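Spelled out from the first residue to the last, the chains are:
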Amino acid sequence: MNSAGVLILIPFIFSLLCFVAGKKWSSVVALISSVGSLFYYLLLLSSYNVKTNYVAFGFYYDWIPSIRASLSFGMDAANLLVLLLTQIVVCLAVLATMVKGNTRTGAYYGLIGLTHTFLNAFFSSQNPMTFLIFFEATLIPVYFLILNFGGPKRKQAVFKFFIYTVFGGMLMLAAILFYQSNMFPQLRLDSWAEFYQFKLSLKYQYWLFTAFFIAFAIKAPIFPFHTWQADLYSQADRPTLMILAALLSKMGIFGFVRFNFFFIQVVYDWFNYITVLCVIGVVYGAIIAWRQKDIIRLIAYSSLSHIGLIAAGTMTLTNIGMQGAMFAMLAHGLAVAGLVFVADVMIRRTNQHTVDSFSGIARNNPRFAVYFFIILLSAVGLPLTCGFIGEFYLIWALVEFKFYIGLVAALTLIFGAAYMLRWYQKTMFGIPSANILGFQKLSLSEDYIFLILVILILTLGLFPADWVGFGQFAYKYMNFIPDN
Amino acid sequence: MDATLILHLILWPPLIGFLINGLFGNSIPKWAVSIIACLGPLTSFTGTVLAYKFLSGPAHDIPLYTWFIVEGSAKINFGFYIDHLAIIMLFVVTGVGSLIHAYSTGYMHDDKGYSRFMAYMNLFLFSMLLLVLGSNLVVLFAGWEGVGLCSFLLIGFWFENKEYNKAAAKAFIMNRIGDLGFLVAIFLIINKFGGIEFTSIHETLMEEGQLNDPQIALICLMLFLGVCGKSAQIPLFTWLPDAMAGPTPVSALIHAATMVTAGIYLIARMYFLFDYSPLSLNVIAITGCITALIAATIALKQNDIKKILAYSTVSQLGYMAVALGVGSYISAVFHLMTHAFFKALLFLGAGSVIHGLHGEQDISKMGGLKSKMKWTYAVMLIGTLAIVGCPPFAGFFSKDEILASVYSKNFWYFLVLAFASVFTAWYMFRLLFATFHGQFRGSEVKFEKVHESSYSMVIPLIVLALFSMFGGFAGLPELTGGEHNLYKFLVQTIAQTRFKVSHLFEYSLWGITIVALISIAYLTYRKYATSSKVVFESGNSLVSKIILNKFYLDELYLILFVNPLKKTGSWIINQFEYGVIDRLIRIPDTLIESSSIALKNLQSGKLSWYLLSTAVSILLIVLVFIYR
Amino acid sequence: MNTIPELIRTVPLQHYLVLSTCLFFIGMIGVLVRRNIIIVFMCIEIMLNAVNLLMVSVSAYRGEASGQIMVLFIMAVAAAEVSVGLAIIVMMYKNLKTTNIDLFNQLKG
Amino acid sequence: MQNLFYILSGLTIFAAIMVIISKHPIRSILFLVFTFFLISAHYVLLNAQFLALVNVVVYAGAIMVLFLFVVMFLNLNQDIERFKSWIPLSAAAISGACLFLVFFSAFRTSVLASHENTGGYQQGLVENLGEVLYRDYLFPMEICSILFLVAMIGVVLLGRKERVEPIKNLVP
């Protein structure tokens, strides 16, 4: 009964229910679905033995045999953490939607459920075809979520986003088809192992990698493919944005995690160029975030900065870099979901979007200030929070691989502190401004969301060893494949 | 006794205090907050005493659990390490910490954020203990960042004031610049030595270390960058004077006694590494010299009582850095200890003055307070005598030791430090006389309101004063025939040979010190124990302008780093991001769009146009078929 | 009547081809140049007839009846086309009050 | 006799040209009728007697009457065209001329199979054609009848009175 397929089915069935459940019951259905899949995931995790078998709880379906396309799902060491993040963040997003003032119709919950389904399917995909299909499929519910529930300029933003990612997806489709057509017909491309086994000649690898890189770089996003990001984020509904910022940006990184080992030689040859792009993103995003007035845009650019670091970490192809990237995905997902929710709390109460329009919230809402501060510490990467562990590994990997790139990437320590503290001080500190006086105390559900996040951040920061360990097994597995 | 038990006894009480006060501080009475807050450091202090008494042997390594691990590279324990150096630091941290906590209960009692303040202080103490006790660089780094964070929180404690917030952010960010170096140094160390525990680094270094290894030099310099941030060395010292925005106990505990000395502690902790890199030691010594001199010079012209002390702290940290730089680590630790005593004393005394004057910090508006605040005057006098190095106060011994050791290595460093000492004496006596002697330079009404502080404030002052008087006897110089107990204690951890100077030099040094002190005291008394404000106004000469404006360092950083970054940021947001990047990335998009517009015009719906195009295309097709 | 087949021998087939081409292009240029839709329609008829002529001449020279059958069909289709086409023109004229094809750019009635 | 062909050809081309250059639609129609007659004459020369007859009946008789009827029905006599712009006109003329030249040169140089007039003048007579039609092309002919049915229904439908408001203000 334990199967990754069930993990995909649970949110799918419940999301269909949500569509018909009506406004009153859909939130309950969605909550049951997300919590249910979280618990089901934990059940899987508890019976998962990383050391003995690589792909556990496999689920296989022969989709179109004539073109050798099959759907295959399962859990392995590489997707373990990111699946955990998915369940948690969707839970939080549903909770955030249930907060008074964010309440939505059944369709909203249904679309979130669909996003959840596709994300689960994407992250648990066990062959390139499945990976590709759900890479694209995730776009659909997200598109409608933003188009129907976003801000005033949502149409342009979502169109831009759609065009960008579909463009990347097309490149990836072409690359996978090319690969598949060049494989021996007896190979069916049913698992990553088979994918890694058959290597094309280096000339083709360069082209294929370029295609994959652009696809993932747009999705992640990596400088200079990021311009859709801030526009989209500022138009998205905030609970959607939690999923968007915490999970969708991880899809690109996850792509690097999956595919980089296939292109070892290419990554090695192009390491300098790619990581320079990533590192430019780190500094560039941080500088923009520092001067940014709009809170959501600030989050978007800070995300660009962090994602650049994580992507650079995956490019090192070292044990440390991979482990760090996988853990940092989790850490950044939690932190950014928290930050988005912080922004949601602020914006929902006052209807103001800029940093300058808040002041002195800490005076009225010390609890909120404390939650915000802990989340911020994780985003800044202070020790004893989970953000530190990820950042530590990543910078370590980079410094070890290329000293100067690592040194520049480490600037995120300074810039991160600068823009985060700026945001915090401007909004939380100072004399309470007029529109803060009516700032309501946190409601119970908001309290819960923050508590869950803060506990996770601190726990993962204090006891990260086992979680980081998963990345190590993934690394071993992927690196086991011989070079050509 | 079991070392683990003692460790738990030392480490956790402040954290528990922080949690209780932080979570429930608003709902329990103030006296309970005070007791809980003071109990934490006191328990830690007790633990320290127990550790001193009962722990034998060179060191105790207590790994609690594996924090994180990378196969093949390094295993990072959440582990702790108690040795002699740590115990000395623990004494300073928990001892001075307890006193300052007690003082704070009086000083901050009427503040509305009282419980928050005490919680922060406890958290700071916990982080500091983490820093001191960490058995590896990563745990040390955790504490290092933790104290930086608490420093940020406490500088900006009165967060409704924007200036204070700015100072807090400045402190945090400048510290982070140093932390970058520290972090990179950690990675380099893992890379080089394959381990991160102090003991394993030491062992590996003993086995395969080479003098003047460039990699080690790089590691040392990176570590020193961290030290520059935390211990306020040039070029990163400008945050410390601004950090005086925090409440005075904070300045005393964090920005004088403990946190800023963390850098000194780090180098003393890693002394074996620095021994392998004379180059970086030289860099440290030179930086220390410049810092000591510049900070002392700036302090000459300051009128804010806390700022004077802040620059004095920077200057003294420079002393310690020079001591480290010439390789006499123990002298540095010695001075660190005595400095913690007398600087905390001075700050708390200054706090008492400020408290008595209801928030006045400008010494040009003080004067004649001797009669009103007897205890404060007494302890301030002791503190001043200690810092200027008057025998037999604490500062004399440690300073003398540093000067002597520096002289034995490099005459020029000695000369600079001697100058700095003269300046120190000048500004400290100026502070003392301007505050307590002469006539009160404010209004009569104000003078009437001046009062001596409460006992909870005075008693810690007296205790600290006693330490400042007798703390120096822990390390008597050879010349007096006494024992250098501190050396004997620390040498078990820090393997360092004692320097040698001639007796003649020591005698003459003492003599010159005393003569100089008396003459400076006389001069400053003549000048500053007055009722006129004029002497406090700075002249218009270029030199005094430069000094008054702190050598324009802040402005320099503003021009060199902050403003360009700000401008770049605005430029990127306003122009580059959408003007260049977006357009660049949308080239395919634009191409498709423009061609679709062109094609759209073809579909005009006009029959004649369709017919024409049909004809033309037939023409083309036929042509192609014919002339293929 | 018996003399007529002799004519075919005297006139080369090419001449018929040229004639029908000429007619065809006159019709085509009319279609392209004229704006009145009825005249355009008539020009289409000319083009059809040019093709018919071509078919018949080739058929005659080849001695096969199939070409002429084809012409029959073309005529049938043309008749149907003209009836429907003219009906459409009448409807459009009713709605738009014009027969200028440049104004029929909505691609609907 | 050879001259007969050339005279007929000249007249045909003249009439066709007149169709497209006459200003009045009625004149165009009349020239078109003339053209059809001339083409019928060509058919006769080509031994396609039946087709010549059909051409006269169907085209000159039926279709042209329809045209005439429509023109008169719409009262287009006054609707004289004005050329708005010379650019599309010249473009049309040039492209048409080019195409013509291409075809012309292509046909002029084309080599056709030699003409063996096997069928003689009997070939285009009704019996002959009917035999071929009902033997080889029966099915298309039936389809043709269906086409007529559809066309008839279509025309009836189109002619039905609709309650659609005429679009106004479209005519400048």
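Thresholds applied
Residues numbered from 1 in each chain as written. Chains lettered and ligands numbered in written order. Predicted model: local features only at pLDDT ≥ 70, side-chain atom pairs only at ≥ 80, totals over all residues. Heavy atoms only, no water. Helix = DSSP H or I, 4+ residues; strand = E, 2+ residues; numbered from the N terminus. Buried < 20%, exposed > 50% of the residue type's maximum accessible area, 1.4 Å probe, protein only. Lys, Arg positive; Asp, Glu negative; His and termini not counted. Charge placed at Lys NZ, Arg CZ, Asp CG, Glu CD. Contact = heavy atoms within 4.5 Å. Areas by Shrake-Rupley, 256 points an atom, 1.4 Å probe, with all protein chains shown as cover. Buried area = accessible area lost by both parts, 1.4 Å probe. Polar contact = N/O pair within 3.5 Å; in protein donor to acceptor, adjacent residues only side chain to side chain. Core = buried A, V, L, I, M, F, W, Y, C linked by side-chain atoms within 4.5 Å. Domains from an automatic or database assignment. Pairing = 2+ DSSP bridges. Nonpolar A, V, L, I, M, F, W, Y, C, P; charged D, E, K, R; others polar.

**Student:** How should I be thinking about the overall build of chain B in this particular structure?
**Tutor:** The helix and strand tally for chain B stands at 26 helices and two strands. Reported as C-alpha extents along the three principal axes, the dimensions of chain B are approximately 120 × 65 × 55 Å. For chain B, buried positions account for 59% of its 628 residues. Measuring between centres, the 41 positive side-chain charges of chain B sit 10 Å from its 35 negative side-chain charges.

**Student:** Which parts of the structure should I look at to understand the overall build of chain C?
**Tutor:** Check the secondary structure of chain C and you find four helices and zero strands. Evaluated residue by residue, chain C yields a buried proportion of 67% over its 109 residues. Contacts spanning at least 24 positions in sequence make up 59% of the contacts within chain C whose residues lie at least 6 apart. With the model as given, the accessible surface of chain C reaches about 3500 Å², and the carbon-plus-sulfur share is 67%.

**Student:** For this particular structure, what's the right way to read the interface of chain D and chain C?
**Tutor:** Quoted interface sizes are often the accessible area lost when the parts come together. Counting residues at the interface gives 86 residues for chain D and 78 residues for chain C. Approximately 7800 Å² of surface area, both sides summed, lies buried where chain D meets chain C, with 76% of it carried by carbon and sulfur atoms. At the boundary of chain D and chain C, one finds five residue pairs in polar contact (both at pLDDT 80 or more). Elements with a minimum of two residues in the side of chain D that touches chain C: helix 1 (2-21), helix 2 (25-45), helix 3 (49-74), helix 4 (86-108), helix 5 (126-136) and helix 6 (138-159) of chain D. Counting residues per element, the side of chain D that touches chain C draws most heavily on helix 3 of chain D, at 14 residues.

**Student:** How should the environment of I284(B) be read in this particular structure?
**Tutor:** Residues and elements named next belong to chain B. Note on placement: I284 falls in helix 13 (residues 278-301). The exposure class of I284 is buried, given its relative accessible area of 0%. Taking the C-alpha atoms as reference points, I284 and A252, 32 residues apart in sequence, are found 25 Å from one another. With residues up to four places along the chain from it excluded, the contact list for I284 reads F224, I267, F274, A321 and G325.

**Student:** Whenever I open this one, the nonpolar core confuses me. Can you help?
**Tutor:** If you look at soluble globular proteins, the nonpolar side chains tend to sit buried side by side. F392(A), W423(A), W67(B), M270(B) and L273(B) are the most contacted members of the largest nonpolar core, which has 445 residues in total. Considering every element that reaches this core, the biggest residue donor is helix 13 (residues 319-350) of chain A, with 21 residues. Every residue in contact with W423(A), bar those within four places of it in the chain, is listed here: I295(A), L298(A), I299(A), L339(A), V342(A), M346(A), V355(A) and F372(A). By size, the runner-up hydrophobic cluster in this structure holds 87 residues, among which are L23(C), F25(C), M64(D) and L89(D).

**Student:** Could you clarify how one ought to interpret the domain arrangement of chain B in this entry?
**Tutor:** In terms of domain boundaries, chain B breaks down into domain 1 (549-583) and domain 2 (586-628). Between the C-alpha centres of domain 1 of chain B and domain 2 of chain B the distance comes to 50 Å.

**Student:** Looking at this model, I keep getting lost on the pairing of strand 1 (residues 56-64) of chain A. Mind explaining?
**Tutor:** All names here are of chain A. Where strand 1 and strand 2 (residues 69-75) come together, six bridges link them in antiparallel fashion. Following the sheet pairing, Y60 is matched in strand 2 by S72. Once strand 1 ends, the chain turns through four residues before running back antiparallel as strand 2, passing R68 with a positive phi of about 55°.

**Student:** In this structure, what is going on with helix 4 (residues 128-137) of chain A? I would like to understand it.
**Tutor:** Turn by turn, an α-helix covers 3.6 residues, leaving residues three or four places apart pointing in a common direction. With nine of ten residues buried, helix 4 of chain A is to be regarded as a mostly interior element. Burial in helix 4 of chain A covers these residues: P128(A), M129(A), T130(A), F131(A), L132(A), F134(A), F135(A), E136(A) and A137(A).

**Student:** Just to check I follow, could you spell out the interface of chain D and chain B for this structure?
**Tutor:** If you look at the interface, chain D gives eight residues, while chain B gives eight residues. Both sides together, the interface formed by chain D and chain B hides about 590 Å², and carbon and sulfur atoms give 92% of it. Broken down residue by residue, the surface that chain D buries against chain B is led by S95(D), L99(D) and V102(D), which jointly contribute 66%. The interface formed by chain D and chain B includes zero residue pairs in polar contact (both at pLDDT 80 or more). For the side of chain D that touches chain B, the residue count by class is seven nonpolar, one polar and no charged.

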